[in-house]
Amino acid sequence: MTDPAAGRPQVLRPSILTVDDDPGVSRAVARDLRRRYGETYRIVRAESGDQALDALREMKLRGDTVAVLLADYRMPQMSGLEFLESAMDLYPAARRLLLTAYADTGAAIDAINVVDLDYYLLKPWDPPEEKLYPVIDAQIEAWRTTDRRPVPETKVIGHRWSARSAEVREFLARNQVPYRWYSSESPEGRRLLDAAGADWQNLPLVVTPDGTVLTAPTDGELAGRVGLATTPSSDFYDLVVIGGGPAGLGAAVYGASEGLRTVLVERLATGGQAGQSSRIENYLGFPDGVSGAQLTERARRQATKFGAEIITTRDVVALEVNGSARTVRFADGASIDAHTVILATGVAYNRLGAEGVDEFAGRGVFYGSALTEAPNCAEQDVYVVGGANSAGQAAVYLARSARSVTMLVRGKSLAESMSYYLIQQIAAIDNITVRTQTVVGAAHGVKHLERLTLSDQAAGAQEIVDAGWLFVFIGAAPHTDWLDGVVLRDGNGFVLAGPDLSVDGAPPPGWLLDRAPYHLETSVPGVFVAGDARAESAKRVASAVGEGAMAVMLVHRYLEGL
Ligand SMILES: Cc1cc2nc3c(=O)[nH]c(=O)nc-3n(C[C@H](O)[C@H](O)[C@H](O)COP(=O)(O)OP(=O)(O)OC[C@H]3O[C@@H](n4cnc5c(N)ncnc54)[C@H](O)[C@@H]3O)c2cc1C
């Protein structure tokens with residue numbers, strides 16, 4: 001089989017595929033097609049039905065379009081009709097043409113109904129200007145008016161109620177990797193599964209723009225295939241930033257722009273909590289608000305523009321002090337060294353402890369993934385647990401597509417925990433209901449969440465409601481367990497820094513330097529903390545970014561003293 005486009009960068013040219021078991025005829029058809037259509041179409045030639053189907057499967061996975069299929073009627077292993085019938089499963093919109101000898105005309109006419117044939121061409125087709133091109137022109141025209149153009153993109157085929165399918169989509173979305181979602185039960189989802197030779201047991205299936213198929217990939221495998229760096233390029237840096245939320249991205253931008261060899265290590269996706277916010281309205285310079293995804297994408301670009309390395313899907317599990325070097329160890333045992341470290345590990349959502357809820361995580365119960373799941377909630381009744389700004393933003397966002405949004409708030413009123421502007425917004429949206437003093441008692445369902453038991457604490461009453469969607473935003477705890485015994489933390493696990501470390505004006509235990517810790521410096525010299533992970537931090541995007549910048553200024557001060 002020849003493919004004139006092989007080796008060239010991927011282009012969005014649709015294909016015309018021709019299959020004939022006689023190599024001479026096959027070459028002649030391809031030659032004539034190429035002469036007239038080669039500029040705008042890829043001419044793909046095969047010499048058997050199997051070979052042609054293999055080519056189509058590959059093309060399907062790559063996201064190529066196929067305008068016309070031209071098959072010889074008489075082929076030994078697989079007839080042209082059998083081929084067109086199978087090809088229909090992969091490319092239903094492609095125009096189907098049969099190439100027949102005069103003697104086979106009757107069979108071709110019969111086939112019009114069997115494979116929904118669009119045309120049959122008689123051999124020989126000389127001169128092509130009269131007998132071939134007018135037919136193909138008309139078929140291409142018909143195809144152009146009916147076909148939907150796919151664009152090269154990552155495709156995710158999964159089940160709506162599969163937790164891992166939800167995680168994969170969340171991972172791609174939060175890393176700003178454009179993808180298209182196909183339910184495994186949709187016709188196109190089934191076509192893609194067939195093309196990859198996979199079935200529901202292999203879900204979720206990810207097909208990258210170059211056609212590579214990944215079966216139930218881990219985040220690390222996925223990252224590597226969709227263009228996210230996962231391995232540091234060096235083993236020594238001036239600065240390692242741990243965590244890619246606003247504080248970490250801020251530190252990376254300032255560190256790299258001020259000439260420090262900087263690497264940022266993120267376990268999941270840059271953006272952190274802010275990346276999950278549908279609209280940040282109080283960040284300076286964005287009077288109309290900005291989505292967390294936009295802010296993250298810009299910050300990421302800014303950091304890399306200045307030369308910061310960004311490594312994703314690497315979990316930092318240990319910090320060691322080796323003389324003047326600070327060693328940062330990953331979950332797989334690998335490590336990198338640096339003069340300085342900024343801890344920007346933020347906080348993670350608290351889990352809802354109610355009976356049965358954990359069982360449905362990713363299958364109706366979601367922590368912070370309101371943005372990715374919102375399109376699936378169209379015209380559905382959804383529940384949001386929490387009374388702080390994050391829950392309020394999620395409710396406002398979900399209310400755009402959902403039929404109804406019910407906020408379940410433990411407190412007596414939203415005013416106890418939510419910004420005034422958001423309370424006003426919620427009050428003005430008709431399809432949001434706020435139920436105060438109400439908590440989730442239990443979650444029920446078979447394969448996915450179907451019902452919730454709600455406890456009205458004021459009335460002391462319980463009620464079971466139908467519910468397929470529950471979004472939980474009930475506060476967060478710091479990601480700092482792995483620092484136990486290395487840096488000092490407060491009783492809730494938040495990292496102590498600067499003046500908070502001193503007891504009655506004395507430096508922290510083990511502090512050997514003849515200066516006090518700098519403002520954001522932890523109990524380990526050269527290791528700083530910024531953002532939500534710091535004890536007594538403001539828990540705001542602006543303050544996290546500001547602390548990231550300030551920590552870099554203190555890094556310079558520390559390096560000058562080395
Ligand atoms: C839905 C939502 C809406 C919000 N809206 C607003 C708003 O409108 N205005 C506002 O000012 N604030 C808002 N906030 C709060 C704000 O997002 C946070 O204060 C801010 O994101 C904190 O930034 P951070 O960088 O300190 O931590 P985080 O954003 O929590 O980021 C920490 C990052 O570190 C990574 N990480 C953790 N441990 C490790 C490890 N061991 N190895 C590698 N990586 C690790 C995490 O995966 C995470 O990406 C909102 C928060 C949420 C959840």
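Residues numbered from 1 in each chain as written. Predicted model: local features only at pLDDT ≥ 70, side-chain atom pairs only at ≥ 80, totals over all residues. Heavy atoms only, no water.

Concerning the overall build of the protein chain
In step 1: A count of helical and extended segments in the protein chain gives 15 helices and 26 strands.
In step 2: The 562 residues of the protein chain split such that 52% are buried.
In step 3: Across the protein chain, the fraction of contacts at a sequence separation of at least 24, relative to all contacts at a separation of at least 6, is 64%.
In step 4: Accessible surface, the protein chain as shown: approximately 24700 Å² in total, 50% of it carbon and sulfur.
In step 5: Averaging the coordinates of the 54 positive side-chain charges in the protein chain and doing the same for the 70 negative ones gives two points 3 Å apart. (Helix = DSSP H or I, 4+ residues; strand = E, 2+ residues; numbered from the N terminus. Buried < 20%, exposed > 50% of the residue type's maximum accessible area, 1.4 Å probe, protein only. Contact = heavy atoms within 4.5 Å. Areas by Shrake-Rupley, 256 points an atom, 1.4 Å probe, with all protein chains shown as cover. Lys, Arg positive; Asp, Glu negative; His and termini not counted. Charge placed at Lys NZ, Arg CZ, Asp CG, Glu CD.)

Considerations on the sheet that holds strand E3 (residues 66-72)
In step 1: As summarised here, the arrangement of the five strands in space is E2-E1-E3-E4-E5, forming an open sheet in which the pairing is parallel. Here the strands that pair on one side only, and so sit at the sheet edges, are strand E2 (42-46) and strand E5 (119-122). The sheet shows a mean angle of 20° between the axes of neighbouring strands, direction not considered.
In step 2: Across the sheet, helix H3 (residues 80-90) touches strand E1 (15-19), E3 and strand E4 (95-100), and the angle it forms with E3 is around 160°. (Pairing = 2+ DSSP bridges. Axes fitted to C-alpha atoms, helices over the stretch in contact; angles between N-to-C directions.)

Digging into the nonpolar core
In step 1: Core analysis: the biggest nonpolar cluster contains 37 residues, and Leu17, Leu56, Leu69 and Phe83 have the highest contact counts within it.
In step 2: Every element with two or more residues in this core is listed here: E1, E2, helix H2 (49-62), E3, H3, helix H4 (105-114), helix H8 (187-195) and strand E8 (205-207).
In step 3: Among the elements that make up this core, the one with the highest residue count is H2 (six residues). (Core = buried A, V, L, I, M, F, W, Y, C linked by side-chain atoms within 4.5 Å.)

Some thoughts on the confidence of the model for the protein chain
Detailed reading of the predicted coordinates is not advisable wherever pLDDT falls low.
In step 1: Summarising the model, the protein chain shows a mean pLDDT of 91, and 96% of its residues fall at 70 or more.
In step 2: Low pLDDT, under 50, characterises residues 1-10; the stretch is placed with 19 contacts to residues that sit more than four places away or in other chains. (pLDDT = per-residue confidence, 0-100.)

Focus on the site of the ligand
In step 1: Taken together, 34 residues form the shell around the ligand, and within it Glu266, Gln273, Asn282, Gln393 and Asp532 come nearest.
In step 2: In this structure, an oxygen atom belonging to the ligand sits 2.9 Å away from a main-chain N or O atom of alanine 247.
In step 3: A distance of 3.1 Å separates a nitrogen atom of the ligand from a polar backbone atom of arginine 267.
In step 4: When residues of the shell around the ligand are traced back to their parent elements, those giving at least two are helix H10 (246-257), strand E16 (347-349), helix H13 (389-399) and helix H15 (541-560).
In step 5: Here the residues of the shell around the ligand are counted per class, giving 14 nonpolar, 13 polar and seven charged. (Near = heavy atom within 4 Å. Polar contact = N/O pair within 3.5 Å; in protein donor to acceptor, adjacent residues only side chain to side chain. Nonpolar A, V, L, I, M, F, W, Y, C, P; charged D, E, K, R; others polar.)

Description of the environment of methionine 88
In step 1: Take methionine 88: it is sitting in helix H3.
In step 2: With relative accessibility at 26%, the residue methionine 88 sits in the partly exposed group.
In step 3: As a C-alpha pair, methionine 88 and leucine 69 span 19 residues in sequence and 9.6 Å in three-dimensional space.
In step 4: Residues within four places of methionine 88 in sequence aside, it is in contact with Arg96 and Val115.

Comments concerning the environment of leucine 90
In step 1: Within the fold, leucine 90 resides in helix H3.
In step 2: By relative accessible area, leucine 90 is classed as buried at 5%.
In step 3: For leucine 90 and arginine 190, which are 100 residues apart along the polypeptide, the C-alpha to C-alpha distance reads 9.3 Å.
In step 4: Setting aside anything within four residues of it in sequence, one finds leucine 90 in contact with Leu53, Leu56, Arg57, Lys60, Arg191 and Ala195.

Things to note about the pairing of strand E19 (residues 404-409)
In step 1: By the criterion of burial, E19 is predominantly enclosed, with five of the six residues buried.
In step 2: Pairing analysis gives five bridges linking strand E18 (residues 381-385) to E19, with the strands arranged parallel. Looking at E19, one finds that tyrosine 383 is bridged to threonine 406.
In step 3: Where the polypeptide runs from E19 across helix H14 (residues 420-427) and back to strand E20 (residues 432-436), its parallel neighbour, the crossover connection is right-handed. (Right-handed = clockwise from strand over helix to strand, strands pointing away.)

Quick look at the pattern of salt bridges
In step 1: All chains considered together, the criterion is met by 31 salt bridges.
In step 2: The partner of arginine 57 in a salt bridge is aspartate 54, and the shortest N-O contact between them spans 2.9 Å. Placement of the pair is arginine 57 and aspartate 54 together in helix H2, with a separation of three residues, close to one helical turn.
In step 3: Looking at arginine 57, the relative accessible area reads 28%, which means it is partly exposed.
In step 4: Judged by relative accessible area, which is 46%, aspartate 54 ranks as partly exposed.
In step 5: The salt bridge partner of aspartate 381 is arginine 403, with a shortest N-O separation of 3.0 Å. In this pair, aspartate 381 is assigned in strand E18 and arginine 403 in the loop between H13 and E19, connecting sequence segments 22 residues apart.
In step 6: A relative accessible area of 28% places aspartate 381 in the partly exposed class.
In step 7: Bridged by salt links that share partners, the residues Arg31, Asp32, Arg35 and Glu129 form one connected network. (Salt bridge = Lys/Arg side-chain N within 4 Å of Asp/Glu carboxyl O.)

A look at the sheet that holds E18
In step 1: If you trace the five strands from one edge of the open sheet to the other, you get E17-E24-E18-E19-E20, paired in parallel fashion. Only two strands of the sheet have a single neighbouring strand rather than two, namely strand E17 (365-367) and E20. Along the sheet, successive strands turn relative to each other by an average axial angle of 20°, direction set aside.
In step 2: Pairing geometry for E19 and E20, over five bridges, is parallel. Directly across from leucine 408, in E20, lies its bridge partner arginine 435.
In step 3: Of the strands in this sheet, E18, E19, E20 and strand E24 (469-472) touch H13, which is tilted by about 165° from E19.

Comments concerning the environment of leucine 205
In step 1: Locating leucine 205 in the fold gives a position in strand E8.
In step 2: Judged by its relative accessible area of 1%, leucine 205 is buried.
In step 3: On a C-alpha basis, the gap between leucine 205 and glycine 445 in space is 26 Å, while along the polypeptide they are 240 residues apart.
In step 4: Apart from residues no more than four positions distant in its own chain, leucine 205 is found in contact with Lys155, Val156, Ile157, Leu193, Ala196, Ala198, Val213, Leu214 and Thr215.

Section: the pairing of strand E22 (residues 449-456)
In step 1: Examined bridge by bridge, strand E21 (residues 438-445) and E22 share seven bridges and lie antiparallel to one another. Residue pairing for E22: valine 440 is matched across the bridge by leucine 454.
In step 2: The sheet contact formed by E22 and strand E23 (residues 461-466) spans six bridges and is antiparallel. Counted as the bridge partner of arginine 451 is aspartate 466 from E23.
In step 3: Between E22 and E23, which pair antiparallel and follow one another directly, the connecting turn spans four residues, one of which, glycine 460, has a positive phi of 65°.

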